[in-house]
Each structure stands twice: as C-alpha cells, then as structure tokens.
Amino acid sequence: QSLTPCWYSVTDEHWPLLRALGFNRVRVAEETLLPLGNIEFKGKEWQGVRTALNKARKLSVEAQWCTYAELTGPVRTQIHEISEEWVSEKTLPEMGFTLGGIDELKDESVLLCVALDSHGKVHGVTSWLPVFTKGQVTGRTLDFMRRSPDGFKGVMEFLIASAVLHFD
C-alpha cells in the first residue's frame, strides 16, 4: 500500500535503533519548560502578561480551575461553541496528535483553566495534562487552547500566567 511509518516524540534512547533501520529524524518542535518558583512578571519582556492580568482584573475575569466534569452546563456549552468555531476556521481538521480537542478534556486527570467573567461568559480556556515520573504527577503540560472570538485581548497570556501562579 506504499505506506511509510512516521514516529512522533522519539526519545534519544530509541533513536539509534530507528536510525539503524534506515529512518531519518526531523525536529518538529521543542517543549518549553518553565521552572516555577522563581518566575516574576517583571521587566519589559513580561509587560504583555502584566497587561493581561490587569485587564482581566478590570473586566472581573477570573481563572476558574476545575475538571470537565465539574463544569456547569452553560460553561461547558460555551467551551464547545468556542472550540467548534475555532476548528471551523482552520483549513485542516483537528489532527489529535499535537493539540487536544474536546474529547481529551473529559479525562478526569486533566485540569482546565477557564477565563470566566462575572456574567458567566467564557473568554478562553486551556487544559493542562499531567506529566508523570515513575507513576507520580510531577508537572503539567499545556494541551488545549481556545479563545472566544469576542474574548478580551490577552486572554491566553492571562490563562498561562494564571497557570504559572496556580502551579507555583
């Protein structure tokens, strides 16, 4: 059928075997690790984050942490609508191997951070998958990111900064 296998997220430990079998290697992306505990949103490089945090405060937008099962019906509906609109604007469908979709949010080990204003409007949402070391959760990785088309400018910066503060 002329299929060519493609390996994703291959570690250095497994690369020699794959190279010996004739495979090639291409770096697609690199994860950014944030060492929490010493991040301060100071200086020019953090201005956008400070602006987003201040804007959220002025608009009465708060970061709500929960699992998908804990979402209220109206918030869940808004997240679905935001995601459907986001997907409809893309030329390709969700691939499912790089960033998650709605189905991945439903896992009870996934934490959501929802930017919710005092009127119950969802401005944006992120999901945070657990990272395991020897069976224990040792960190979180950003997976799902969606912004309402009429959400406030800087909502993603707000959500990520909120995660930094939450996990610190």
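Provided above is the structure to which this section pertains.
Turning our attention to the overall build of the chain. In terms of regular secondary structure, the chain is built from five helices and four strands. Ordering the α and β elements of the chain from the N terminus gives α-α-β-α-α-β-β-β-α. Along the first, second and third principal axes, the C-alpha set of the chain runs to 60 × 40 × 30 Å. The buried share of the chain, reckoned over its 168 residues, is 30%. For the chain, restricting intrachain contacts to residue pairs at least 6 apart in sequence, the fraction spanning at least 24 positions comes to 59%. Of the charged side chains in the chain, 18 are positive and 22 negative; the average position of the first set lies 7 Å away from that of the second.

Turning next to the state of the cysteines. What the rule picks out here adds up to zero disulfides. Left unpaired, C66 is separated from the closest cysteine sulfur, that of C113, by 8.7 Å.

On to unusual backbone geometry, then. You will see that S2, though not glycine, has its phi angle at about 60°, which is positive. Considering the arrangement of structural elements, one finds S2 in the segment before α1 (15-20). With relative accessibility at 77%, the residue S2 sits in the exposed group. Despite not being glycine, S60 shows a phi value in the positive range, around 60°. If you trace the backbone, S60 turns up in the loop between α2 (47-58) and β1 (61-66). By relative accessible area, which is 39% here, S60 ends up partly exposed.

The next point concerns the sheet that holds strand β2 (residues 111-117). Read across the open sheet, the four strands follow the order β1-β2-β3-β4; overall the sheet is antiparallel. Edge positions in the open sheet fall to β1 and β4 (136-147), since each of these has one partner strand only. Within the sheet, the average angular offset between the axes of one strand and its neighbour, ignoring direction, is 25°.

Residue pairs three or four apart in sequence face the same way in an α-helix, which turns once every 3.6 residues. The terminal C-alpha atoms of α2 lie 16 Å apart, and with 12 residues this matches the ideal 16 Å at 1.5 Å per residue to within 8%. Buried within α2 we find V49, A52, L53 and A56. The arc enclosing the buried residues of α2, seen along the axis, measures out at 95°, which places them on a common side. Turning to α2, the residues buried within the fold contact β1 and α5 (155-167). Following α2 by one or two positions, S60 adopts a phi angle in the positive range, close to 60°.

Reading guide: rules and limits
- Residues numbered from 1 in each chain as written.
- Predicted model: local features only at pLDDT ≥ 70, side-chain atom pairs only at ≥ 80, totals over all residues.
- Heavy atoms only, no water.
- Helix = DSSP H or I, 4+ residues; strand = E, 2+ residues; numbered from the N terminus.
- Buried < 20%, exposed > 50% of the residue type's maximum accessible area, 1.4 Å probe, protein only.
- Contact = heavy atoms within 4.5 Å.
- Lys, Arg positive; Asp, Glu negative; His and termini not counted.
- Charge placed at Lys NZ, Arg CZ, Asp CG, Glu CD.
- Disulfide = S-S within 2.5 Å.
- Pairing = 2+ DSSP bridges.
- Axes fitted to C-alpha atoms, helices over the stretch in contact; angles between N-to-C directions.
- Expected span 1.5 Å × (residues − 1).
- Arc of directions from axis to C-beta.

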